[in-house]
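# Analysis of the macromolecular model
Each chain, letter by letter, is given below.
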Amino acid sequence: MRVIGLMSGTSYDAVEAAAADLTLEGDVLLMRPLGHLSVPYADDLRNLIAATLPPATTTARAVCVLDNGIGQAFAGVASRALDELCGGAADLVVSHGQTMYHWVDDGAVRGTLQLGQPAWIAEVTGVPVVSDLRSRDVAAGGQGAPLVGMTDTLLLRGLPGVPAALNLGGIANITVLAPGADPLAFDTGPANALLDAATEHFTGGAATYDEDGRRAAAGQTSPDLLKVLLDDPYYRRPAPKTTGKEHFHLPYLRRALSAVPTPAADDVLATLTRLTAVTVADACRAHGVTSLVVSGGGTRNPTLMRMITEELPGVALRPSDDLGLPSGAKEALAFAVLGFLTVHGLPGTLPSGTGARRATLLGSITPGLAPLRLPEPAARPPRLLRIAGPAGRPTTTAVDAADRSARNRARTRDCARTSHG
Ligand SMILES: Nc1ncnc2c1ncn2[C@@H]1O[C@H](COP(=O)(O)OP(=O)(O)OP(=O)(O)O)[C@@H](O)[C@H]1O
Ligand SMILES: CC(=O)N[C@H]1[C@@H]2OC[C@@H](O2)[C@@H](O)[C@@H]1O[C@H](C)C(=O)O
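Each chain carries its own residue numbering, running from 1 in the direction its sequence is written. Chains carry letters from A onward and ligands carry numbers from 1 onward, assigned in written order. Residues qualify for local features only when their pLDDT is at least 70, as the model is predicted, and side-chain atom pairs are given and counted only at 80 or more; totals for whole chains, interfaces and linings, by contrast, use all residues. The basis for every side-chain value is the complete set of heavy atoms in the structure, and neither hydrogens nor water enter the calculation.

The following threshold applies: UniProt positions are given in the numbering used here, feature names are shortened, and annotations may be inferred rather than shown by experiment.
Under the annotation held in an unreviewed UniProt entry, the chain carries the name Anhydro-N-acetylmuramic acid kinase and is attributed to Streptomyces viridiviolaceus. Per UniProt, the comment on the chain under Catalytic activity (unreviewed entry) is "1,6-anhydro-N-acetyl-beta-muramate + ATP + H2O = N-acetyl-D-muramate 6-phosphate + ADP + H(+)". UniProt annotates the chain under Sequence similarities (unreviewed entry) with the comment "Belongs to the anhydro-N-acetylmuramic acid kinase family."

If you want it as structure tokens, here you go:
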């Protein structure tokens, strides 16, 4: 089945589209990625999202404008993905939409709102759309997030030690697969949310993020500010847990800053980068993680990556690209997998990850141009994700890819030894 996944994350900078051919063979899910696109939101839509997100108040009209504007933006990107990645033919579009509010009340999720009316996507592409993937898990008592836990688990299964997948978007989430234990998946806290808010604030809007972590690299961590930030009870709460920009936003940072002698701007950025590294490392240590597969925009910030490495000595870090999932497309591909599971009658959640009472079939389905015909329900869920390389290259699992990359590292070491005598 050819599936297009669509996603815009908490940084709401662009709509990511990724396409893949997905096939279920026994308990193996075969994925052949077909490429991905990243299309920035138009400025006026991005500005409206920014003006509507918490802590702002809004109107029903603004919500209606956004729901349809985001739906149209997603439809435009889906149509491009259909032409440019799929040769004009796809069986399914899976749209995450844009999270506008994640309603967390004393640790429990009461509701979650993703906008982006799917009718626009179905109308423009003629392809059925699975959308609103989080609500069913919330209705089953879960957090409705992180939903990448399913794909991460299929990807990590069989890797040695205690492997984990970490995504560094606006919010950081992690999936941990300890042998003999149920998978865990939770948000560790902010990845770039506070860092982006601070950069925008200090540059008067001229920059939206600390490019290549340059300003943080020029600053010093403020122990006082770090202590105040780490005092947030969220970090001490056990999993399952999720958070969002309803919690980690500029006024939150301002409150923390007002409690300490004000550090220089670069020192604030250094401290926020360190906060992400420390909270990620604490979460990894709490669950005995021995290796980390990393994805998301934060991987492009060398200062953040350096700090995470410093905080986690002995833990091997590598990009998800090494296992066949391009870092920037991972979430869109993960949602493609979830829609695929739904139309095959398979649950998309892991109760041990989201905390739901049971694993549920996710999403709502909007028919395409033709009458809706779903595949026969699958006999059993996949246990493993196998990713095909570029055309002509053999299909591998994460375990094969890990072996290959260990061999490559050994070869590189041998070459270095040879060339240096
Ligand atoms: N060159 C770079 N230098 C520093 N930071 C970068 C760079 N490129 C991207 N980023 C960071 O990555 C962020 C975007 O990451 P990403 O697109 O993974 O987030 P998202 O998917 O919107 O969030 P989430 O996963 O929380 O939903 C940017 O806001 C920025 O902070
Ligand atoms: C409610 C919501 O949109 N949560 C997002 C957010 O962005 C990162 C983190 O917080 C994660 O829990 C989740 O997204 C990813 C894609 C997920 O569900 O796995």
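Following the structure, the description resumes.
## Structural notes on the overall build of the chain
Quick reminder of the rule: Only DSSP runs of H or I reaching four residues or more are called helices, and only runs of E reaching two or more are called strands; each is numbered from the N terminus. With the radius of gyration taken over C-alpha atoms, the globule rule is written as 2.2 Å times the number of residues to the power 0.38. Each residue is assigned to one of three classes by its accessible area relative to the maximum for its type, calculated with a 1.4 Å probe on protein chains only: buried under 20%, partly exposed between the two thresholds, exposed over 50%. Contacts: residue pairs with any heavy atoms within 4.5 Å of one another. The method behind every accessible area is Shrake-Rupley, applied with a 1.4 Å probe, and residues are considered shielded solely by the protein chains displayed.
Within the chain one finds 14 helices and 14 strands. In terms of overall dimensions, the chain is globule-like: its C-alpha atoms have a radius of gyration of 21 Å, near the 22 Å expected for 421 residues. Taking all 421 residues of the chain together, 53% fall into the buried category. Counting only contacts in the chain whose residues sit at least 6 apart along the sequence, the fraction spanning at least 24 positions is 71%. Surface accessibility of the chain: about 17,800 Å² in total, with carbon and sulfur atoms responsible for 53%.

## Observations concerning the site of ligand 2
Put simply, the rule is: Throughout, the term near means that a residue has one or more heavy atoms lying within 4 Å of the molecule or strand in question. Pairing of N or O atoms within 3.5 Å defines a polar contact, subject to two protein rules: one partner must be a possible hydrogen donor and the other a possible acceptor, and residues neighboring in sequence count only if both atoms are side-chain atoms. Think of it as three bins: nonpolar holds Ala, Val, Leu, Ile, Met, Phe, Trp, Tyr, Cys and Pro, charged holds Asp, Glu, Lys and Arg, and polar takes everything else, Gly as well. How far each domain reaches was decided by an automatic or database domain assignment.
Contacts to ligand 2 come from 16 residues, most closely from Thr99, Arg134, Leu147, Val148 and Asp187. One of the side-chain nitrogen or oxygen atoms of Thr99 is found 2.6 Å away from an oxygen atom of ligand 2. A distance of 2.7 Å is found between an oxygen atom of ligand 2 and a side-chain nitrogen or oxygen belonging to Asp187. Where the shell around ligand 2 is concerned, the elements lending two or more residues are β4 (92-105), β8 (171-176) and α12 (330-343). The element that contributes the greatest number of residues to the shell around ligand 2 is β4, accounting for three residues. Within the shell around ligand 2, the residues separate by chemical class into seven nonpolar, six polar and three charged. There are two domains that each give the shell around ligand 2 at least three residues, and those are domain 1 (2-148 + 326-401) and domain 2 (155-323).

## Topic: the sheet that holds strand β11 (residues 316-319)
Test applied: Only strands joined by at least two bridges in the DSSP assignment are considered to pair. Axis angles are defined between N-to-C directions and span 0 to 180 degrees, where every axis is a line fitted to C-alpha atoms and, for a helix, only to the segment in contact.
Pairing in this open sheet of five strands is mixed, and the strands run β9-β8-β7-β10-β11 from one edge to the other. Only two strands of the sheet have a single partner each, and these edge strands are β9 (184-190) and β11. Strand-to-strand twist of the sheet, defined as the mean angle between neighbouring strand axes without regard to direction, takes the value 25°. Sheet analysis places strand β10 (residues 291-295) next to β11, joined by four bridges and oriented parallel. Looking at β11, one finds that Ser291 is bridged to Ala316. Contacting β7 (163-168), β10 and β11, helix α11 (residues 302-311) crosses the sheet at an angle of about 150° to β7.

## A closer look at the UniProt feature "binding site: ATP" (unreviewed entry) in the chain
Here, the residues flagged by UniProt with the feature "binding site: ATP" (unreviewed entry) are Gly9, Thr10, Ser11, Tyr12, Asp13, Ala14, Val15 and Glu16. Its location among the elements puts Thr10 in the loop between β1 (2-8) and β2 (14-25). A relative accessible area of 29% means that Thr10 is categorised as partly exposed. Apart from the residues lying within four places of it in its own chain, the contact partners of Thr10 are Gly170, Ile171 and Lys245. Here the side chain of Thr10 touches Gly170 through a polar contact of 3.3 Å, landing on its backbone nitrogen. Counting through the fold element by element, Val15 comes out in strand β2. A relative accessible area of 1% means that Val15 is categorised as buried.

## Some details on the domain arrangement of the chain
The accessible area lost on association of the parts is a frequent measure of interface size. As a reminder of what qualifies: Accessible area, probed at 1.4 Å, shrinks when two parts are joined; the buried area is that loss added up over both. When a carboxyl oxygen of Asp or Glu is within 4 Å of a side-chain nitrogen of Lys or Arg, the pair counts as a salt bridge.
Parsing the chain into structural domains produces domain 1 (2-148 + 326-401) and domain 2 (155-323). Distance from the C-alpha centre of domain 1 to the C-alpha centre of domain 2: 24 Å. Taken together, the contact pairs 33 residues of domain 1 with 34 residues of domain 2. For the pair domain 1 and domain 2, the summed buried area comes to about 2,800 Å², and 54% of that belongs to carbon and sulfur atoms. Run the count over domain 1 and domain 2 and you get one salt bridge. Note that Arg237 and Asp106 form a salt bridge whose closest N and O atoms lie 3.7 Å from each other. Summed over the shared surface of domain 1 and domain 2, the result is 10 residue pairs in polar contact (both at pLDDT 80 or more). Elements that contribute at least two residues to the side of domain 1 that touches domain 2 include exactly β4, α12, α13 (351-354), β13 (384-388) and α14 (398-419). Broken down by element, the residue count for the side of domain 1 that touches domain 2 peaks at four residues, all from β4. In the side of domain 1 that touches domain 2, the residues fall into 18 nonpolar, 10 polar and five charged.

## Re unusual backbone geometry
Generally, phi is negative for residues other than glycine and the peptide bonds are trans, each holding for most cases. Note that the residue after Pro54, namely Pro55, is joined by a cis bond; omega there is 10°. Among the structural elements, Pro55 can be located in the loop between α1 (43-52) and α2 (60-86). In the segment running from Ala145 into Pro146, the intervening peptide bond is cis, with an omega of -15°. By secondary structure assignment, the location of Pro146 is in the loop between α4 (135-139) and α5 (149-156). You will see that Tyr12, though not glycine, has its phi angle at about 35°, which is positive. Assessed through its relative accessible area of 12%, Tyr12 is described here as buried.

## Observations concerning helix α3 (residues 118-125)
Stated precisely, the cut-off is as follows: Directions pointing from the helix axis toward each C-beta atom define the arc.
Buried within α3 we find Pro118, Ile121, Ala122 and Thr125. With its buried residues spanning 95° around the axis, α3 presents them on a single face. On the buried face of α3, the contacting elements are β1, α2, β4, β6 (129-131) and β12 (364-366). The backbone nitrogen of Ala119 has a side-chain oxygen 3.0 Å away, supplied by the residue at the start of α3, namely Gln117.

## What to know about the confidence of the model for the chain
Under the convention used in this document: The quantity called pLDDT is the predictor's confidence in a given residue, expressed from 0 to 100.
Taken residue by residue, the chain gives an average pLDDT of 93. The fraction at 70 or more is 92%. Counted against residues more than four places away or in other chains, residues 408-421, with its pLDDT under 50, gives zero contacts.

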